[in-house]
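Fold and contact review
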Amino acid sequence: MKLGGMRIKLEHIPIGKVVAGYFDDAEKGCRGYGGKLNIRPAFQREFVYSGKQRDKVIETVKKNFPLNVMYWVKNSDGTFEMLDGQQRTISICQYYNCDFALDDRRTFDILTEKEQKDFLNYKLMIYICEGDDSEKLDWFETINIAGEKLTEQEMRNAIFASEWLSDAKKYFSKPNCFAQTEYGKYLS
């Protein structure tokens, strides 16, 4: 399918492939899909889901209900960037990584073998998008009109993504960073 200049193809990718090689590091970034997926590229905001929202993502997968579509951008080098679906992807990866327990008692590692297999075989609906930077940012703005509304600053971050922005986010945007802990109540 082609929308404007953006080429879009639907893929069904099992969670097991998405969580492969998952890591989330303040310095090295957040990656999955065997290191080929940049889950939090410079234009993305930090993780903002509440525990309840995160749990609903996992419950949706465990019940085999359809989860909202996600969008990845394919880069010229064969890697991908998360365009939409970061919150859901990180929730899934954190659960797989046993970073939290569903209902405060069930971590991924204590699920039955069948439950683990069903979880990892669950297929995510992912649209793979290819296009130039302006098409990518236009599509990013279009698909982010619903869900957790982007702030004006987050939209500016998407448009003006750069090395400087990535560095500044380490100091001003991370949860529990100095700026947030000391002055967060004054920021909107």
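Preceding this section is the structure that the text describes.
Residues numbered from 1 in each chain as written. Predicted model: local features only at pLDDT ≥ 70, side-chain atom pairs only at ≥ 80, totals over all residues. Heavy atoms only, no water.

1. Concerning unusual backbone geometry
Of note in this structure, Tyr33 is not a glycine but carries a positive phi near 55°. With phi around 60°, Asn64 is a residue other than glycine that occupies positive phi space. Counting through the fold element by element, Asn64 comes out in the loop between helix H2 (51-62) and strand S6 (70-74). (Helix = DSSP H or I, 4+ residues; strand = E, 2+ residues; numbered from the N terminus.)

2. What to know about the packing of aromatic side chains
Inspection of the entire model under this criterion finds nine aromatic pairs. Relative to Tyr127, the ring of Tyr71 lies with its centre 5.5 Å away and its plane at 20°, an arrangement referred to as stacked. Within this pair, whereas Tyr71 is found in strand S6, its partner Tyr127 is found in strand S8 (residues 123-130), the two being separated by 56 residues in sequence. For Tyr71, a relative accessible area of 15% corresponds to the buried category. Between the aromatic rings of Trp72 and Phe80, the centroid separation amounts to 5.4 Å while the plane-to-plane angle is 55°, which identifies the pairing as tilted. Assessed through its relative accessible area of 1%, Trp72 is described here as buried. On the basis of relative accessible area, Phe80 is assigned to the buried category, the value being 10%. (Phe/Tyr/Trp six-rings, centres within 6.5 Å; stacked < 30°, edge-to-face > 60°. Buried < 20%, exposed > 50% of the residue type's maximum accessible area, 1.4 Å probe, protein only.)

3. Notes on a positive patch on the surface
Taken together, Lys17, Lys36, Lys74 and Lys123 make up a surface patch of like positive charges. Residue position: Lys74 is located in strand S6. The partly exposed category is assigned to Lys74, whose relative accessible area is 36%. (Patch = residues over 30% accessible without salt bridge, like charges linked within 9 Å, V, L, I, M, F, W, Y side chains within 5 Å. Areas by Shrake-Rupley, 256 points an atom, 1.4 Å probe, with all protein chains shown as cover. Salt bridge = Lys/Arg side-chain N within 4 Å of Asp/Glu carboxyl O. Lys, Arg positive; Asp, Glu negative; His and termini not counted. Charge placed at Lys NZ, Arg CZ, Asp CG, Glu CD.)

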